[in-house]
Amino acid sequence: MAVTGGSELSDDLSSVGLESDFSELRDSVSALRLESGLQHADTSSERRSEVGNRTIEFHHSAKDPIDLVKLMDVKHRQAGGETHRSLDEKSFSEIMNFPETAVRPPRALETVKSSECLEGMVSPGIRANSSSSTSQPRPQTTFEPNAMISSAWEALRKSLVHFRGKPVGTLAACDPTEDSLNYNQVFVRDFVPSGLAFLMNGEPEIVKNFLLKALRLQSWEKHIDCFTLGEGVMPASFKVLHDPSRKFDTMIADFGESAIGRVAPVDSGFWWIILLRAYVKSTGDHSLADMSDCQRGMRLILTLCLSDGFDTFPTLLCADGCCMIDRRMGIYGYPIEIQSLFFMALRCARFLLRPEAGGKEFLERIDKRLHALSFHIRTYYWLDHQQLNNIYRYKTEEYSQTAVNKFNVIPDSIPDWLFDWMPMKGGYFIGNVSPARMDFRWFTIGNCVAILSSLSTPDQSSAIMDLIEERWEELVGFMPLKVCYPALESREWQITTGCDPKNTRWSYHNGGSWPVLLWMLTAASIKTGRPQIARKAIELMEARLMKDGWPEYYDGKLGRYIGKQARKFQTWSIAGYLVSKMMLEDPSHLGMISLEEDRKMKPSLTRSVSF
Ligand code: GLC
C-alpha cells in the first residue's frame, strides 16, 4: 500500500512514548499542528500535515476530541450475578434479548462439555425432525473434549499479536511447516471468531484494542497506483513489525492492493461494525461505540455503501473476491455473503449510531435501505422447490413493470445439478441475482448470516435449516462446512476462476469445507431452535480437527481430505470451534451475534414458500 505517512507515522508516534494509541496520535497531531502552523479552530474535518516529505492525514475533530478519560476509565465490570441456565430454562426471546448490562467473568472453559449441556435443549418436534440425516457420516474415534478445548485455547493464545505491549489481534495461521505468505497477518474477518471467543470468555480488552487499531488504520490515506481509495475502507489485514534493536513496533496494512487481484475487502467494514456491537452487547459498555471516532468510523463505512449511484437494486454491487472468498470465483455482482453482511451491519449500526453529530440522517437512510434490502433478498433470492418450478416455466422478454420474470432470467440457464438437488422440503438464498443472471449455488456464510441478522423471515430461516438437514452429506459430509456448493468443474472452472490452480473442484473456495464456518452454523442452529444440528456437526469436527492439526480447509466432495494447500493451526478454525462450544454451553451468548426480527420490515412475500 502506498500509504502516505503510514508505518512511518507509527515511528513518529512511538517517540511520543505514551501508552494509548490515541493519546499518541492526539499529541502528535498537536506537535504537527505547531510545525505546520495549523490553528485549532474549525477542525471538524480531516487534516493534512506535511512532515518532511511525508503527508499525514488526520481525521480527528478538535471540537469533538477523543474522550480519553472516558475511554481509559472504562472498567470491565464484574459479573452481575447472572447464573448460567440451560436453554430449556430460557425462552429464545430471552436469549435474543440478552441484557446489555450483563457482563461475563472469565471462566475455566476447559471444563465445558457441550454434548452434555445440549441434552435437554431439544424440543420434541425437533427430535422428530432429526431422522433425515441419521445415515450420514458419524465420527469414528473416541474423543477427549477437555483436551481439545484446552489445546484450542492454548493455540488461540499463541496466535496473539501485540502492538507496543498490548494484544491487538490474532495471526491468521501459526503453521511452522509452511511458508507464511500473508498468513502472518491479522485479518479483520479472521479475527471475528477470535474476538467472539475472547468476549464469550470474559476477556473484552483485546477486542477493544483490535477495534481501535482497525479504526486507526481506516484513517490512513489509501492509494493504489494513482487512485485514492474511499475514506471508509477498512483494511483486509494488518501486520505488526517488531524492531528488536530499536525496541518498538510499527504496523503495515493491506487495503486490497497486496491482495490477490487487488480487490478491496468489502466485508471488513461490515465485520468491524458487527464486532463492535458484539463488544457492546457482551460488556454492556457503550462508551467505546459512543466515542466520536467510532461514530465517525461507522459513518464513513456507511457512506461507502449508502451513497446514490446508478443502482436499480438496493443490493451492493461488488467485484469478484471481495469477501471471505477472496479469489476469482464468479461472485462479482451482488453476492449473497456481502448482502447479508451489509444487512447485518446496517442493523448493528442502527443500534450503535448516536442521532447527534450527523447520525440522525444516517439512521433515516439505514431504515429505508433495510426495508428495501429485506424485500429484495426475501423475494428475489429465495429458492425452493416451488420457486424453482416457477423459474423453470418463466417466459422471457417481458417488460419489467408487468413481468413475472423481473430479471429476464432464461430458464435454460438453470444448471442441471439443481433439479435433483433441490429437496421437496427446505429452501435457501441463492448466490447472486442480477439482470439475466441467477447464480444458483449455495453459499454458507450468506445463508447463516441471513438467519442471524433476521434478513430471512422465521419461515425462511427454518427452511434453510431444513435444507441443511436434507442435504447434509453434500454440505457437511465428514467435515463442516462447505463454503459453497457445488464446485465449478472443467470448462466452467476455467472460465469462471481463470484456471485458478488453488480453486480446483472441491478444493479451497471451490466447494472446499471450512471448519471456521461451524460457528455460524451453530449460531443459526440455536437461533432456529435446532441445536442438535450443531451438535452433530461438532461431533464430526471433534473426530478430526485437532488430530489433523487444525487445518484451514478440507478438500473433496465429502470433505475427507486435508486441503491441498491448507495451513495448519489456522486460527479461525480453532476460534470457530471454541465459539461453537461456548454458544452451545451458554446459548445466551447468541445475543452478541444475532438480531431478532424487526416486525416493521416484514414484506409481503409474493413468491412461493417452502413451508
Ligand atoms: C484466505 C481466505 C480468506 C482469509 C485468509 C486468511 O485467503 O480466503 O478469507 O481471510 O485466507 O485466513
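Computed from a prediction, not measured in an experiment: that's the story for all the values here.

Chemist: What is the right way to read unusual backbone geometry from this model?
Modeler: Trans peptide bonds make up the majority, and among non-glycine residues the majority have a negative phi. In this chain, Pro 480 is followed by Leu 481 through a cis amide linkage whose omega measures 15°. Mapped onto the elements, Leu 481 comes out in the loop between helix H19 (472–475) and strand S15 (484–485). In this structure, the amide linkage connecting Tyr 485 to the following residue, Pro 486, adopts the cis form with an omega of -10°. On the secondary structure map, Pro 486 appears in the loop between S15 and helix H20 (490–497). The backbone of Arg 262 sits at a positive phi, close to 55°, despite the residue not being glycine.

Chemist: What is the right way to look at the packing of aromatic side chains in this model?
Modeler: In this description, an aromatic ring pair is defined by two values, namely the gap between the centres and the angle between the planes. Within the structure shown, the criterion is met by 23 aromatic pairs. Consider the rings of Trp 550 and Tyr 577, whose centres lie 5.9 Å apart with planes at 50°: the pair is tilted. One end of the pair, Trp 550, is in the loop between helix H22 (531–544) and strand S16 (554–555); the other, Tyr 577, is in helix H23 (residues 571–585), and 27 residues separate them in sequence. The same class applies to Trp 550 as to Tyr 577, namely buried. Aromatic rings pair up to connect Trp 417, Trp 421, Tyr 428, Trp 442, Tyr 485 and Trp 506 into one cluster. Of note, Arg 560 hangs over the ring of Phe 478, and the distance from its end group to the ring centre comes to 5.8 Å.

Chemist: Got a minute to help me understand the pattern of salt bridges in this structure?
Modeler: Note that side chains of opposite charge can pair when their charged atoms are close. Evaluated as defined, the whole model comprises 20 salt bridges. Here Glu 364 makes a salt bridge to Lys 360, at a shortest N to O gap of 3.4 Å. Of this pair, Glu 364 and Lys 360 both sit in helix H14 (residues 359–381), four residues apart, which is roughly one turn of the helix. Each of Lys 425, Asp 466, Glu 469 and Arg 530 takes part in a single network of salt bridges with overlapping partners.

Chemist: Teacher, can you tell me more about the confidence of the model for the chain here?
Modeler: The predicted coordinates should not be examined in detail at positions where pLDDT is low. With 75% of its residues at a pLDDT of 70 or more, the chain has an overall mean of 81. Confidence over residues 2–134 falls short of pLDDT 50; this stretch has 253 contacts with residues more than four positions distant or in other chains. Low pLDDT, under 50, characterises residues 606–611; the stretch is placed with 23 contacts to residues that sit more than four places away or in other chains.

Chemist: It is not clear to me how the nonpolar core should be interpreted in this structure. Could you clarify?
Modeler: Generally speaking, soluble globular proteins have nonpolar side chains that are buried together. Within the largest apolar cluster, 168 residues are counted, with the highest numbers of intra-cluster contacts made by Leu 196, Trp 272, Tyr 428 and Trp 519. In terms of residues, this core owes the most to one element, helix H13 (residues 336–352), which gives 11 residues. Excluding anything up to four places from it in sequence, Trp 519 contacts Val 192, Pro 193, Leu 196, Trp 271, Gly 576, Val 579, Ser 580, Met 583 and Ile 593.

Chemist: Even after reading the chapter, I still don't get the packing of helix H10 (residues 266–283) against helix H12 (residues 292–306), so can you show me in this structure?
Modeler: When two helices pack together, their arrangement is given by the angle between the helix axes and the distance between those axes. At a minimum axis separation of 10 Å, H10 and H12 run at an interaxial angle of 140°. Between H10 and H12, the crossing angle belongs to the class labelled oblique. Between H10 and H12 the crossing geometry is left-handed. Residues Gly 269, Phe 270, Trp 272, Ile 273 and Leu 276 of H10 lie in contact with H12, whose contacting residues are Cys 294, Met 298, Ile 301 and Cys 305. Of the residues in the contact of H10 with H12, the class split is eight nonpolar, one polar and no charged.

Chemist: Hey, could you run me through the pairing of strand S9 (residues 248–254) in this one?
Modeler: In the case of a regular strand, side chains alternate between the two sheet surfaces. A large share of S9 lies buried, amounting to six of its seven residues. Taken together, the seven bridges between strand S8 (residues 237–243) and S9 define a ladder with antiparallel strand orientation. Within S9, the residue paired with Asp 243 across the bridge is Phe 248. Linkage of S8 to S9, two consecutive antiparallel strands, is achieved through a turn of four residues, within which Lys 247 is found at a positive phi near 55°.

Chemist: Which parts of the structure should I look at to understand the site of the ligand?
Modeler: Inspection of the region around the ligand gives Ala 172, Tyr 183, Phe 187, Arg 189, Asp 190, Met 324, Asp 326, Tyr 508, His 509, Glu 552, Gln 570 and Trp 572 as its neighbouring residues. A distance of 2.5 Å separates an oxygen atom of the ligand from a polar side-chain atom of Asp 190. Contact between the ligand and His 509: an oxygen atom at 2.6 Å from a side-chain N or O atom of the residue. In isolation the ligand has 310 Å² of accessible area, and contact with the protein removes 96% of it. Looking at the shell around the ligand residue by residue, the classes come out as six nonpolar, two polar and four charged.

Chemist: Explanation requested: the environment of Asp 249 in the structure shown.
Modeler: Take Asp 249: it is sitting in strand S9. In the structure, Asp 249 is positioned 87 residues away from His 162 in sequence and 8.9 Å away in space, judged by C-alpha atoms. Only 2.7 Å separates the side chain of Asp 249 from the backbone nitrogen of Arg 164, close enough to count as a polar contact. Reaching out from Asp 249, the side chain makes a polar contact with the side chain of His 242 at a distance of 2.8 Å.

Chemist: I tried to follow the packing of helix H8 (residues 188–200) against helix H9 (residues 205–218) on my own but got confused; where do I start?
Modeler: H9 packs onto H8 with a crossing angle of 155° between their chain directions and a minimal axis gap of 9 Å. With respect to H9, the element H8 is oriented roughly antiparallel. In this structure, H8 meets H9 at a crossing whose hand is left-handed. Between H8 and H9, the residues in contact are Val 188, Phe 191, Gly 195, Phe 198 and Leu 199 and Ile 206, Val 207 and Phe 210, respectively. A breakdown of the residues in the contact of H8 with H9 according to their chemical character gives seven nonpolar, one polar and no charged.

So, how was this worked out
The residue numbering used here restarts from 1 in each chain and proceeds along that chain's sequence as written. Only residues with pLDDT of at least 70 get local features here, since the model is predicted, and only at 80 or more are side-chain atom pairs given and counted; chain-wide, interface and lining totals rely on the full set of residues. The side-chain numbers reported here are obtained from all heavy atoms of the structure, hydrogens and water having been left aside. Strands here are runs of E lasting at least two residues and helices are runs of H or I lasting at least four, both read from the DSSP assignment and numbered beginning at the N terminus. In summary, the pairing rule links any two rings of Phe, Tyr or Trp, Trp by its six-membered ring, whose centres are within 6.5 Å, and it sorts them by plane angle into stacked for under 30 degrees, edge-to-face for over 60 and tilted for everything else. Note on exposure labels: buried denotes an accessible area under 20% of the residue type's maximum, exposed denotes more than 50%, and partly exposed covers the range between, all computed with a 1.4 Å probe on protein chains only. Only when the NZ of Lys or the CZ of Arg is both within 6 Å of the ring centre and within 35 degrees of the ring normal is a charge said to sit over the ring. Take a side-chain nitrogen of Lys or Arg and a carboxyl oxygen of Asp or Glu: if they are within 4 Å of each other, that pair is a salt bridge. Residue-level confidence of the predictor is what pLDDT reports, using numbers from 0 through 100. What makes two residues a contact is simply this: any of their non-hydrogen atoms within 4.5 Å. We call a set of buried residues a nonpolar core when its members are Ala, Val, Leu, Ile, Met, Phe, Trp, Tyr or Cys and they connect through side-chain atoms within 4.5 Å of each other. Each axis is a line fitted through C-alpha atoms, taken for helices only over the stretch in contact, and angles between the N-to-C directions span 0 to 180 degrees. Any angle from 65 to 115 degrees is called roughly perpendicular, while one under 35 is roughly parallel, one over 145 is roughly antiparallel, and all others are oblique. Here a crossing is called left-handed whenever its near helix is offset anticlockwise from the far helix by less than a right angle, and right-handed whenever the offset is clockwise. Residue polarity follows a fixed list, in which Ala, Val, Leu, Ile, Met, Phe, Trp, Tyr, Cys and Pro are nonpolar, Asp, Glu, Lys and Arg are charged, and the others, Gly among them, are polar. In this analysis, strands are considered paired if DSSP registers two or more bridges between them. We call a residue near a given molecule or strand whenever any one of its heavy atoms falls within 4 Å of it. Polar contacts here mean pairs of N or O atoms no more than 3.5 Å apart (in protein, one a potential hydrogen donor and the other a potential acceptor; neighbouring residues in sequence count only if both atoms are side-chain atoms). Working definition of accessibility: Shrake-Rupley area with a 1.4 Å probe, residue cover restricted to the visible protein chains.

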